[in-house]
Structure formats: structure tokens, C-alpha cells
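# Architecture at a glance
Here are the chains, one letter per residue:
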Amino acid sequence: MRKTILLLASLSGIAFSAPERGDQIWKITFGTDIDGTNDYKVVNYGDITYTPTKVWDVSGYTGKDYVSTNGDDKRVHTEWTNGCGLTWDDNFEFEIVFELPNNFSTNSNWPVLAELSGNGSSVRFGPYTQQQNKLYVDGVNITKNPVNAPLTLTTGVKHTATLTVYEGGITLKLDGQIAQTATLADTASGNIVDITLGGNKSKDYRLAENVYSISAYKVVPEPTSATLSLLALAGLAMRRRRKLA
């Protein structure tokens, strides 16, 4: 459907520029001070409620405003049986606010900050420790593009990473700068039902990190100024035709 819309738009002479963040879908924050009883809190935005059906390895691993993974046997796993509002067929953005502790531990050279998976496809990203903590994207049913100037994760610093999926293209950003791009296979479809932090769904690629929050957003095309002018002229013409009629 999304490709059909863009095709019809192009045939109609409507152009779109780079995608932009749309409405927020949900946000999960972590910490012992969330509400006095839980170590995490889910806040939904809009008319539809999304809540993970299971959350593992959170209790007992939270600080005041974050949850910790240990790079060994503890990573945060959220399971969304009916989907988390994100699918491989739609445009979306996933955001994680995190910090790598000093002298952090990992059980792999390619540890995972976060992984989104479902229906046989996955996208994950994290620091390649054998390459001085350069940030890269990886996964199943994606094709990675070369990186000219890899971005480095700094320990002891709070970072924000965003993973944007738009019309089959994947863009990973670190603190607003593009780290890497990739392409999602046409065969990738269906709901994303697992989101894991500090490792992947299969309990591999463990990484010690402090996670403050994760969020999900819709992504929409940003009309160019020329498009806006064309739409304005079209609207004016329609109003004039109504008056003449």
C-alpha cells in the first residue's frame, strides 16, 4: 500500500522530501521511582493502547531512572503478542535513550543495544567492540550499506539512537547524526512482536547498558514547498469551480 501511494503521488506530480517524525505511538520509561510499584511504565498516545504482554529481566535491575543489562545473562525482553504498533510494512521510528557504563562488559564482538524482531525478520544495532565501539546496524532480511565514517559510542555519556524504517529504507542515527543505512527486504512483513535491549531475542550478543527509555513513532513524508504550493493552487481552483457552479 505505501509504495502504491507514492507511485500515485509521483504520477500526479506530487513530490515528497525526506521523511519526518509523525505522531508518537508509545513510550516506556524505566526506574525505581516510576510509580512506586513497577520498574517500568508504558504511556500510550492516540486511540489505540499498546502494552507488552511480558517483560523479562527488569525487576531488581533498575536504578532511579533507568534499567541495567549486565552483558552476560540479563537483558530486557519485551514481548507484544498482538504487536507493538510497528510492522515491517509501515513507516516508523524507534528511539532508545541509553548510556554505556565505563568498562562495560559484553559476551560478543557485536553486542546489541536494541533489536526489533517479528515474523522471521529483525533489525538490531550496537557497537562493534573490535572496532573501537563504532555503531553499526545488522539483522535478518536487511542489506547493509557501507559506512564511510562510523560513529563512536562514548562510555559514561547518555546517547539517543533512532532507527527509522521508511519505504523499505533503514536509517540509524546517533544523537541526530546518520551512523548507517540499510535496505529492508521485500519479503519482510508482519508485526514486530519482540523488542529486546542489551541483547537479541535469542539471548545472544549481550551488552551491559543503562536504558532510560524507548519510544515508538509514526513516520510521514514531508511535503516539499513546491508540493504545498501545488496543493494550495489546486484547492483554490476547486473553490473557484464551486462558486461558478
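Residues numbered from 1 in each chain as written. Predicted model: local features only at pLDDT ≥ 70, side-chain atom pairs only at ≥ 80, totals over all residues. Heavy atoms only, no water.

## Some thoughts on the pairing of strand 9 (residues 134–140)
Alignment of strand 8 (residues 121–128) against strand 9, held across seven bridges, turns out to be antiparallel. Paired with Pro 127 across the strands is Leu 135, a residue of strand 9. Hairpin remark: strand 8 followed by strand 9, antiparallel, with five residues in the connecting loop; positive phi at Gln 132, about 55 degrees. (Pairing = 2+ DSSP bridges. Helix = DSSP H or I, 4+ residues; strand = E, 2+ residues; numbered from the N terminus.)

## Remarks on the sheet that holds strand 5 (residues 76–79)
Ordered in space as 3-5-14-7-8-9, the six strands form an open sheet in which the pairing is antiparallel. Each edge of the sheet is formed by a strand with only one pairing partner; in this case those strands are strand 3 (54–56) and strand 9. If you compare each strand with its neighbour and ignore which way they point, the axes differ by 15 degrees on average. Sheet topology places strand 3 next to strand 5; three bridges connect them, and they run antiparallel. Bridging across to strand 5, Trp 56 finds its partner in His 77. (Axes fitted to C-alpha atoms, helices over the stretch in contact; angles between N-to-C directions.)

## Considering the nonpolar core
Residues Trp 26, Phe 94, Ile 96, Phe 125, Ile 195, Leu 197 and Ile 214 are the most contacted members of the largest nonpolar core, which totals 46 residues. Setting aside chain neighbours within four positions, we find Phe 94 in contact with Trp 26, Ala 114, Leu 116, Phe 125, Ala 161, Thr 162, Leu 163, Ile 195, Leu 197, Ile 214 and Ser 215. (Core = buried A, V, L, I, M, F, W, Y, C linked by side-chain atoms within 4.5 Å. Buried < 20%, exposed > 50% of the residue type's maximum accessible area, 1.4 Å probe, protein only. Contact = heavy atoms within 4.5 Å.)

## Structural notes on the layout of surface pockets
For the second largest pocket, the calculated volume is near 260 Å³. Counting only elements with at least two residues in the lining of the second largest pocket, the list comes to strand 1 (16–30), strand 11 (158–166) and strand 12 (169–174). Of the residues forming the lining of the second largest pocket, the biggest block, four residues, is contributed by strand 1. Tallied by class, the residues present in the lining of the second largest pocket amount to five nonpolar, five polar and four charged. (1 Å grid on protein atoms, 1.4 Å probe; cavity = no way out; pocket = protein on both sides within 12 Å on 5 of 7 lines; lining within 4 Å. Points joined across faces, edges and corners; volume = space filled by probe spheres on them. Nonpolar A, V, L, I, M, F, W, Y, C, P; charged D, E, K, R; others polar.)

## Topic: the pattern of salt bridges
All told, the structure shown has six salt bridges when counted by the stated rule. Its salt-bridge partner being Lys 74, residue Asp 57 comes within 3.3 Å of it at the nearest N-O pair. In this pair, Asp 57 sits in the loop between strand 3 and strand 4 (67–70) while Lys 74 sits in the loop between strand 4 and strand 5, placing the two residues 17 residues apart along the sequence. Among the salt bridges present, the one from Glu 115 reaches Arg 124, with a minimum N-O distance of 3.7 Å. Through salt bridges with shared partners, one network takes in Arg 21, Glu 93 and Glu 95. (Salt bridge = Lys/Arg side-chain N within 4 Å of Asp/Glu carboxyl O.)

## Concerning unusual backbone geometry
Here Asp 57, not a glycine, exhibits a phi torsion of approximately 60 degrees, which is positive. One non-glycine residue with positive phi stands out, namely Lys 203, at about 70 degrees. Mapped onto the fold, Lys 203 is located in the loop between strand 14 (194–197) and strand 15 (208–223). Overall, the relative accessible area of 56% leaves Lys 203 in the exposed class.

## Some details on the confidence of the model for the protein
Averaged over all residues, the pLDDT of the protein equals 88, while 82% of them reach at least 70. Predicted confidence for residues 1–16 stays below pLDDT 50, and this span has 23 contacts to residues more than four positions away or in other chains. (pLDDT = per-residue confidence, 0-100.)

## Thoughts on the side chain of Ser 121
Tracing the backbone shows Ser 121 in strand 8. Polar side-chain contacts of Ser 121 include one of 2.8 Å to the side chain of Asn 141. Here Ser 121 is in contact with Trp 88, Leu 116, Val 140, Asn 141 and Ala 188, once residues within four sequence places are set aside. (Polar contact = N/O pair within 3.5 Å; in protein donor to acceptor, adjacent residues only side chain to side chain.)

## A look at the side chain of Thr 164
Tracing the backbone through its elements, the reader meets Thr 164 in strand 11. A distance of 2.4 Å separates the side chain of Thr 164 from the side chain of Glu 93, its partner in a polar contact. Once residues lying within four places of it in the same chain are set aside, the contact partners of Thr 164 are Phe 92, Glu 93, Gly 169, Ile 170, Thr 171 and Val 219.

## Here's the deal with the packing of aromatic side chains
Tallied over the full model, the rule gives four aromatic pairs. Ring geometry for Tyr 128 versus Tyr 136: centroids 4.6 Å apart, planes at 35 degrees, classification tilted. Assessed through its relative accessible area of 10%, Tyr 128 is described here as buried. Of the residues examined, Tyr 136 reaches a relative accessible area of 12% and is grouped as buried. The ring of Tyr 217 carries Arg 21 above its face, with NZ or CZ at 3.7 Å from the centroid. Between Lys 158 and the ring centre of Tyr 212, over which it is positioned, the NZ or CZ distance is 4.0 Å. (Phe/Tyr/Trp six-rings, centres within 6.5 Å; stacked < 30°, edge-to-face > 60°. Lys NZ or Arg CZ within 6 Å of the ring centre and 35° of its normal.)

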